[in-house]
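Residue-level listing of the chains:
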Amino acid sequence: MKKLTYFAFSLLMLVASTNFASATEKTDKALSAAQQAKLEQLTNRVEQIRSMDKSHMSRAEKKELRAELRQMKKEANAIGNGGIYLSVTALLVIIIVLLIL
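Quick notes on the rules
- Residues numbered from 1 in each chain as written.
- Predicted model: local features only at pLDDT ≥ 70, side-chain atom pairs only at ≥ 80, totals over all residues.
- Heavy atoms only, no water.
- Patch = residues over 30% accessible without salt bridge, like charges linked within 9 Å, V, L, I, M, F, W, Y side chains within 5 Å.
- Areas by Shrake-Rupley, 256 points an atom, 1.4 Å probe, with all protein chains shown as cover.
- Salt bridge = Lys/Arg side-chain N within 4 Å of Asp/Glu carboxyl O.
- Helix = DSSP H or I, 4+ residues; strand = E, 2+ residues; numbered from the N terminus.
- Buried < 20%, exposed > 50% of the residue type's maximum accessible area, 1.4 Å probe, protein only.
- Expected span 1.5 Å × (residues − 1).
- Arc of directions from axis to C-beta.
- Contact = heavy atoms within 4.5 Å.

1. A few points about a nonpolar patch on the surface
No. 1: A surface patch of nonpolar side chains, about 590 Å² in accessible area, is lined by Leu91, Leu92, Ile95, Ile96, Leu99 and Ile100.
No. 2: Mapped onto the elements, Leu99 comes out in helix α4 (residues 88–100).
No. 3: A relative accessible area of 68% means that Leu99 is categorised as exposed.

So, in structure tokens, the structure goes:
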């Protein structure tokens, strides 16, 4: 009984300490010309922000840039269809349910 308890506890710790697994579906869906242009525009703006000297900016200006970057990231994910993410625990639960059935 003691071995089973240790095994279950170590398995639980292994599952709890793992990161997320990505289950994205690769599709050959090509982006339209408008989407490609928007993505290029977002990429150029991000590169401009990265090359800026932020040491002389005020706190409010830096906060505004962070908000702009977050918004651009949301737009890029919407264009590129970010994918589906499953945690390892959810993946194990799915496998166990399939084995039971």
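After that view of the structure, there is still more to cover.
2. Things to note about helix α3 (residues 59–80)
No. 1: Over its 22 residues, α3 runs 32 Å from end to end, which matches the ideal 32 Å to within 8%, given 1.5 Å per residue.
No. 2: Within α3, the full set of buried residues consists of Leu65, Met72 and Ile79. Seen along its axis, α3 keeps its buried residues to an arc of 45 degrees; they face one direction. Of the exposed residues in α3, those oriented more than 90 degrees away from the buried face are Arg59, Ala60, Lys63, Arg70, Lys73, Lys74 and Ala78.
No. 3: Contacts made by the buried residues of α3 are with α2 (33–51).

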